[in-house]
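Examining the three-dimensional arrangement
Residues per chain, in single letters:
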Protein chains: 4
Amino acid sequence: MTVGFIGLGNLGRPMAINLLNAGFDLRVYNRTAEKAHAVAAGAADRVVVAQSPVGVAMPGGILLTVLSDDQAVTSVADDAVLAALGPGGVHVSMSTILPATSQRLAQTHAAHGVTYVAAPVFGRPEAAAARKAWICTSGPEDAKARVRPILDALGQGIFDFGTSPGAANVVKLSGNFLLAAAIEGMAEAAALGEKNGIPRDALLGFLTNTLFNCQIYNGYSQRLIAADFDKVGFTNELALKDMRLASEVALASATAMPMLDLVRRRYLAAVANDRGWLDASGLALGAAEDAGLRWFRPSREEEGR
Amino acid sequence: MTVGFIGLGNLGRPMAINLLNAGFDLRVYNRTAEKAHAVAAGAADRVVVAQSPVGVAMPGGILLTVLSDDQAVTSVADDAVLAALGPGGVHVSMSTILPATSQRLAQTHAAHGVTYVAAPVFGRPEAAAARKAWICTSGPEDAKARVRPILDALGQGIFDFGTSPGAANVVKLSGNFLLAAAIEGMAEAAALGEKNGIPRDALLGFLTNTLFNCQIYNGYSQRLIAADFDKVGFTNELALKDMRLASEVALASATAMPMLDLVRRRYLAAVANDRGWLDASGLALGAAEDAGLRWFRPSREEEGR
Amino acid sequence: MTVGFIGLGNLGRPMAINLLNAGFDLRVYNRTAEKAHAVAAGAADRVVVAQSPVGVAMPGGILLTVLSDDQAVTSVADDAVLAALGPGGVHVSMSTILPATSQRLAQTHAAHGVTYVAAPVFGRPEAAAARKAWICTSGPEDAKARVRPILDALGQGIFDFGTSPGAANVVKLSGNFLLAAAIEGMAEAAALGEKNGIPRDALLGFLTNTLFNCQIYNGYSQRLIAADFDKVGFTNELALKDMRLASEVALASATAMPMLDLVRRRYLAAVANDRGWLDASGLALGAAEDAGLRWFRPSREEEGR
Amino acid sequence: MTVGFIGLGNLGRPMAINLLNAGFDLRVYNRTAEKAHAVAAGAADRVVVAQSPVGVAMPGGILLTVLSDDQAVTSVADDAVLAALGPGGVHVSMSTILPATSQRLAQTHAAHGVTYVAAPVFGRPEAAAARKAWICTSGPEDAKARVRPILDALGQGIFDFGTSPGAANVVKLSGNFLLAAAIEGMAEAAALGEKNGIPRDALLGFLTNTLFNCQIYNGYSQRLIAADFDKVGFTNELALKDMRLASEVALASATAMPMLDLVRRRYLAAVANDRGWLDASGLALGAAEDAGLRWFRPSREEEGR
């Protein structure tokens with residue numbers, strides 16, 4: 001079976017490779033063509049590198065997109081691509097975008113007989129590579145059933161949120177908000193500890209070994225302790241984008257969220273102070289600096305940057 | 001070996017029983033005498049019910065206190081009690097109080113030759129009963145070593161934070177803040193979900209099965225979903241007290257904490273609106289009502305209240 | 001001299017009448033035609049009621065628009081209208097819109113030889129009627145000079161902010177934010193007073209007679225004291241729109257504004273709780289209710305509502 | 001008529017001189033004796049410099065205190081001083097302190113037959129010198145009537161808030177909060193303007209000439225524009241103290257105040273970053289720096305500091 005795949009960035013590439021490893025052949029496209037050729041390099045006979053998005057769309061086939069934002073998804077899934085997919089085609093949209101964008105896309109897709117499935121991914125690139133990502137889905141049941149084997153090859157668990165096109169996007173944005181909130185909470189607690197004589201590794205070590213012993217707290221507490229925020233997995237700038245999208249959903253649905261306002265403001269201040277390129281865990285610097293602490297320790301390999 | 005024990009409230013009582021079960025004899029005191037007699041009832045030969053705090057203090061012995069606030073601890077550990085404990089005595093103070101109170105107490109204790117050990121407890125009464133509590137300690141090393149067997153009988157893990165008298169209190173307040181922050185975060189995320197068509201059990205169920213699979217998120221998400229905040233383990237009023245103490249520490253140490261301000265404000269608004277008696281998980285009602293949602297579902301057994 | 005005028009709502013109507021009083025003849029258009037005829041009623045020989053926006057645009061002439069939002073302005077100033085105005089024409093855009101919208105409009109106008117001038121208005125309808133409004137301008141100098149007599153007939157003062165098309169819009173949004181912030185500040189202070197035994201008319205009366213003796217504080221303190229928020233000049237819903245626009249400008253320019261977040265959140269919670277129709281001074285209810293106070297006193301004439 | 005006066009700091013000194021100018025003789029005390037002698041220098045025959053607080057208390061007389069905080073007032077108005085004032089004596093307490101402190105003091109005073117009047121002052125030292133201060137009063141009516149001529153000599157207006165001892169203190173703290181909130185509001189608006197190309201003198205100049213044309217906005221906008229926050233009238237540290245007191249009143253009276261939380265946090269962050277010594281208008285730096293702006297321009301005379 002052959003799958004179309006557009007978007008071979010930090011997150012898309014390991015996912016494409018997982019599909020190859022699971023036995024799927026691929027037609028791939030990426031704006032920067034080298035990345036597409038890099039994926040094809042290891043499996044030339046099973047990967048076709050297309051010259052345009054239309055080139056990966058097979059009549060009645062399945063197309064996965066892993067793109068950076070709403071605009072990118074909307075412009076890729078244009079009339080030409082949808083016409084090429086045509087009746088029976090399924091587009092699995094795995095980017096972090098607005099639910100309203102998914103709703104609009106579901107309509108434009110339907111006009112071409114294509115089914116739109118939202119399937120955003122929780123997981124940093126390393127997690128995606130290790131098939132440790134979590135995937136949320138929403139869309140028509142039969143299309144979700146059809147693409148299920150593909151999603152199973154990409155993550156350690158699939159959670160479904162029904163048939164409303166944008167539901168999975170709401171869940172993704174909610175989760176990303178909660179993740180940022182956890183970082184801010186840990187940062188404030190750690191700052192309070194340090195200003196009172198308790199090293200942050202001791203405080204966070206205790207908390208993450210006991211009450212908060214889970215992936216997010218474990219992973220991000222390690223980053224807060226190391227404070228080498230120039231080791232970037234996901235930037236402040238992208239995190240700000242996600243908080244902005246979550247705020248738009250909140251505004252559109254009349255949901256007042258002061259904690260979301262707080263973390264969005266932190267990321268915005270980071271970007272305003274030329275820290276947009278730091279890792280999103282660097283949100284913690286806001287709380288540290290408000291307490292007069294200077295945590296950031298550039299990683300050695302980045303010092304020359 | 002006999003241990004003095006003052007404070008047999010919701011949290012103290014199961015702890016006293018754990019000590020009995022572990023083979024320690026007790027001298028107990030409680031302001032409301034019935035609670036002391038209730039503990040003694042099952043083991044009359046091993047429990048002495050004293051008529052006053054002094055009555056539980058044995059020369060050179062060990063005294064545990066599990067009290068509601070700074071004022072209670074300070075008034076119990078008065079000159080008479082400290083004189084009765086005298087040189088070699090150890091007071092293990094397990095209440096959630098200010099680090100500054102611990103520092104002052106350490107000094108007044110030292111004047112009588114008594115050692116003060118802070119050992120606050122993380123755990124609701126059920127957890128304490130099941131020996132699932134976590135205990136943080138700070139104070140002189142030899143005293144901590146001496147009381148270690150007692151603490152081992154009370155919790156599933158002991159974490160030490162050095163010799164500064166108030167250090168463990170800072171950790172306890174930081175942890176309680178982080179817990180409140182987690183509730184607010186989940187409540188905002190769940191409100192966003194519900195306003196966009198996703199039931200909160202679906203959203204929180206996903207998050208707590210994946211990224212946030214830990215005690216605090218699992219336990220409190222269940223309470224948010226049930227929304228029977230009149231089933232009270234720990235009240236909004238007591239949570240407000242803890243946030244107030246954390247704020248005092250933050251103020252005294254020049255640590256600006258906007259997320260702490262937010263959760264403190266939520267509890268304060270709850271108290272202002274006659275909801276001080278609800279469970280502290282009811283913090284979630286603030287986010288729900290700011291979104292126009294009405295979550296509170298009185299539990300059946302409380303409906304006649 | 002004849003002026004084109006589109007938008008005869010609460011604010012536009014008194015402005016149109018002021019122009020008539022100042023000796024300008026008008027060509028008017030309003031989506032709801034009755035409002036246009038109502039303005040014409042008193043001066044039939046000097047007012048032409050057009051059937052479409054194009055009908056008010058005179059070659060090389062001046063067009064004023066007083067519309068509700070960005071979308072309305074953009075759709076009115078379409079190619080047909082701009083072609084009708086043509087070279088030498090000036091469009092004075094007096095609505096509260098995004099600076100980015102003004103920038104885009106300035107470009108589309110220029111393509112038709114039309115000059116775009118932003119001239120948003122500070123003032124409730126009563127103030128506009130009494131020529132007490134304040135007007136901010138930005139745009140090309142010669143166009144501003146040409147329309148100056150018209151603006152002089154509309155307000156008590158004109159303040160210019162240079163040639164960048166959107167500058168005046170930024171000032172307008174900043175001012176509306178500051179106004180909302182003043183309401184929230186007064187509401188919190190008044191709530192603190194009342195919870196401590198001081199009636200809010202006494203507290204606000206003192207402050208507005210001394211340190212805060214200015215239009216905004218005087219006017220809004222009266223509304224807070226009366227608390228008849230169903231007497232509506234400008235709704236919570238419209239205020240939310242303005243805070244949303246201000247937030248978009250803040251986000252686009254990387255300006256972190258926690259006080260703006262706070263007032264936006266208050267308006268959002270009001271809308272979420274079916275209070276979008278109340279007057280924008282009803283922002284105060286948030287602070288009151290967070291303190292357990294119930295201020296809202298429906299005005300007698302509205303009680304049957 | 002002779003008046004006792006304790007506290008000749010930045011604010012007390014010009015007030016004492018105003019009393020001399022109005023014809024009152026003085027008995028003065030100040031912890032740093034030179035300041036007392038400085039006041040006496042110009043009117044040696046009408047000023048007695050006492051060696052202790054007791055030395056200024058005349059049986060049945062009037063004592064004014066202008067001190068830095070609750071602790072200072074409480075320790076000055078001790079049993080010895082109150083016994084010396086004795087029946088018929090009146091203590092006019094003009095410091096910014098907690099209402100609860102006034103309530104306690106009213107009781108200890110009553111035990112000695114002394115009447116306690118709270119009379120806090122709004123006004124920077126320059127304003128006090130120019131008799132431009134505003135004074136709020138609370139306490140027993142007859143005592144307030146008796147001291148009225150003295151207060152008239154000290155300010156441009158007296159506002160009374162009834163007989164509850166602490167009422168005037170609540171008003172004072174509310175006013176100081178509102179002042180800080182106005183600074184934050186202006187700072188955010190000005191930052192938004194500057195990030196969008198509008199100099200802050202243009203934006204604030206417009207607003208303070210129109211909607212916000214009052215003492216606080218005029219005075220503080222000038223300071224924000226000049227940004228010479230090392231010209232200190234009243235420090236960030238003292239402003240933080242006032243916000244802390246306001247927060248304590250809010251907490252004690254169950255009044256949730258998010259805007260107060262915000263300005264308190266700003267001052268706390270300033271103190272945490274070694275800016276406690278800057279002028280309280282320097283609160284504005286928080287908003288500026290969150291937007292990536294660097295406003296602070298040390299005044300020339302302070303550059304060598």
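To keep things clear, this report deals only with the structure shown in the data block. (Residues numbered from 1 in each chain as written. Chains lettered and ligands numbered in written order. Predicted model: local features only at pLDDT ≥ 70, side-chain atom pairs only at ≥ 80, totals over all residues. Heavy atoms only, no water.)

**Here's the deal with the sheet that holds strand β8 (residues 134–137) of chain A**
Residue and element names in this part refer to chain A. Judged by pairing direction, the sheet is mixed, and its three strands sit side by side in the order β7-β8-β9 without closing on themselves. Each edge of the open sheet is held by one strand with a lone partner, namely β7 (121–122) and β9 (157–160). The pairing of β7 with β8 spans two bridges and is antiparallel. Residue valine 121 lies in a different strand from β8, and its bridge partner there is isoleucine 135. (Pairing = 2+ DSSP bridges. Helix = DSSP H or I, 4+ residues; strand = E, 2+ residues; numbered from the N terminus.)

**As for the packing of helix α8 (residues 167–195) of chain A against helix α8 (residues 167–195) of chain B**
Between α8(A) and α8(B), whose axes approach to 9 Å, the crossing angle comes to 165 degrees. Judged by the angle between their axes, α8(A) and α8(B) are roughly antiparallel. Between α8(A) and α8(B) the crossing geometry is right-handed. Across the interface between the two elements, Val170(A), Ser174(A), Phe177(A), Leu178(A), Gly185(A), Met186(A), Glu188(A), Ala189(A), Leu192(A) and Gly193(A) of α8(A) pack against Val170(B), Ser174(B), Phe177(B), Leu178(B), Gly185(B), Met186(B), Glu188(B), Ala189(B), Leu192(B) and Gly193(B) of α8(B). Split into classes, the residues belonging to the contact of α8(A) with α8(B) amount to 12 nonpolar, six polar and two charged. (Axes fitted to C-alpha atoms, helices over the stretch in contact; angles between N-to-C directions. Parallel < 35°, antiparallel > 145°, perpendicular 65-115°, else oblique. Left-handed = near helix turned anticlockwise from the far one by under 90°. Contact = heavy atoms within 4.5 Å. Nonpolar A, V, L, I, M, F, W, Y, C, P; charged D, E, K, R; others polar.)

**Some thoughts on the interface of chain B and chain A**
Listed as interface residues are 54 residues of chain B and, on the opposing side, 54 residues of chain A. The contact between chain B and chain A buries some 4700 Å² in all, and 79% of this surface belongs to carbon and sulfur atoms. In this assembly, chain B and chain A are joined by zero salt bridges. Scanning the region where chain B abuts chain A turns up 13 residue pairs in polar contact (both at pLDDT 80 or more). (Buried area = accessible area lost by both parts, 1.4 Å probe. Salt bridge = Lys/Arg side-chain N within 4 Å of Asp/Glu carboxyl O. Polar contact = N/O pair within 3.5 Å; in protein donor to acceptor, adjacent residues only side chain to side chain.)

**Quick word on the packing of aromatic side chains**
In this structure the tally under the stated criterion is 30 aromatic pairs over all chains. For the pair Phe212(A) and Tyr217(B), a centre-to-centre distance of 6.4 Å together with 75 degrees between the ring planes defines the contact as edge-to-face. Taken together, the positions of Phe212(A) in the loop between α9 (200–209) and α10 (215–226) and Tyr217(B) in helix α10 (residues 215–226) put the pair across two chains. Relative accessible area serves as the criterion here: at 0%, Phe212(A) is assigned to the buried category. Connected via pairs of aromatic rings, a cluster forms that spans Phe122(A), Trp134(A), Phe159(A), Phe161(A) and Phe206(B). Residue placement shows Lys172(B) over the ring face of Phe122(B); its charged tip is 4.4 Å from the ring centre. Over the ring of Trp295(D) we find Arg200(D), and its NZ or CZ is 4.5 Å from the ring centre. (Phe/Tyr/Trp six-rings, centres within 6.5 Å; stacked < 30°, edge-to-face > 60°. Buried < 20%, exposed > 50% of the residue type's maximum accessible area, 1.4 Å probe, protein only. Lys NZ or Arg CZ within 6 Å of the ring centre and 35° of its normal.)

**Observations regarding the pattern of salt bridges**
Under the defined criterion, the tally for this structure stands at 60 salt bridges over all chains. A salt bridge links Arg264(A) to Asp261(C), with the nearest nitrogen and oxygen atoms 3.0 Å apart. Within this pair, whereas Arg264(A) is found in helix α12 (residues 258–272), its partner Asp261(C) is found in helix α12 (residues 258–272), the two belonging to separate chains. The pair formed by Arg264(A) and Asp261(C) is uniform in burial state, with each residue classed as buried. For Arg275(C), the salt bridge goes to Glu289(C), with nearest N and O atoms at 2.8 Å. Residue Arg275(C) is located in the loop between α12 and α13 (284–290), and its partner Glu289(C) is located in helix α13; the two are separated by 14 residues in the primary sequence. Its relative accessible area of 25% is what places Arg275(C) among the partly exposed residues.

**Observations regarding the interface of chain C and chain A**
With 16 residues of chain C at the interface, the matching set in chain A holds 16 residues. Both faces considered, chain C and chain A share a buried interface measuring about 1300 Å² in area, 75% of it formed by carbon and sulfur atoms. Taken as a group, Leu251(C), Arg264(C) and Leu268(C) account for 41% of the area that chain C buries against chain A, more than any other trio of residues on that side. Linking chain C to chain A there are two salt bridges. Run the count over chain C and chain A and you get two residue pairs in polar contact (both at pLDDT 80 or more).

**A word on the sheet that holds strand β8 (residues 134–137) of chain D**
All names here are of chain D. Spatially, three strands are ordered β7-β8-β9 in an open sheet, and the strand pairing comes out mixed. A single partner strand is all that each edge strand has here, and the edge strands are β7 (121–122) and β9 (157–160). Two strands pair when backbone bridges link them, and β8 and β9 are joined in this way by four bridges, in the parallel orientation. Each bridged residue has a counterpart across the sheet, and for isoleucine 135 the counterpart in β9 is isoleucine 158.

**Details of α12(C)**
Residue and element names in this part refer to chain C. In this model α12 runs 21 Å from its N-terminal to its C-terminal C-alpha over 15 residues, within 8% of the 21 Å that 1.5 Å per residue would give. Among the 15 residues of α12, 14 are classified as buried, and the element is accordingly described as predominantly covered. A positive phi of about 60 degrees marks aspartate 274, the residue just after α12. (Expected span 1.5 Å × (residues − 1).)

**Some points on the relation of the copies chain C and chain A**
Each copy superposes on the other: chain C lies on chain A with an RMSD of 0.0 Å after a rotation of 180 degrees and an axial shift of 0.0 Å. In the structure described here, the two chain copies are related by an operation that fits a two-fold rotation axis. The position closest to the rotation axis in chain C is occupied by the C-alpha of Asp261(C), lying 3.2 Å away. Interface overlap between copies is the fraction of interface residues in one copy that are interface residues in the other; for chain C against chain A it reaches 100%, indicating a shared surface. (Least-squares fit on C-alpha atoms with pLDDT ≥ 70 in both.)

**What to know about the relation of the copies chain B and chain A**
Screw-axis analysis of chain B against chain A gives a translation of 0.0 Å along the axis, an RMSD of 0.0 Å, and a rotation angle of 180 degrees. Residue by residue, 100% of the interface of chain B is reproduced at the interface of chain A, so both copies engage with the same surface.

**A word on the side chain of Ser253(C)**
Here Ser253(C) lies in the loop between α11 (236–252) and α12. Excluding anything up to four places from it in sequence, Ser253(C) contacts Leu192(D), Lys195(D) and Asn196(D).

**Some remarks on the packing of helix α8 (residues 167–195) of chain C against helix α12 (residues 258–272) of chain D**
α12(D) packs onto α8(C) with a crossing angle of 100 degrees between their chain directions and a minimal axis gap of 8 Å. With respect to each other, α8(C) and α12(D) are oriented roughly perpendicular. When α8(C) is examined against α12(D), the residues Ala181(C), Glu184(C), Gly185(C) and Glu188(C) are found in contact with a partner set consisting of Pro258(D), Met259(D) and Leu260(D). Looking at the contact of α8(C) with α12(D) residue by residue, the class counts come to four nonpolar, one polar and two charged.

**Describing the environment of Gly175(C)**
Along the chain, Gly175(C) falls in helix α8. Relative accessible area serves as the criterion here: at 0%, Gly175(C) is assigned to the buried category. Remark: the alpha-carbon pair of Gly175(C) and Phe122(C), spanning 53 residues in sequence, is separated by 8.3 Å. Among all residues touching Gly175(C), those that are not within four sequence positions of it are Phe122(C) and Leu207(D).

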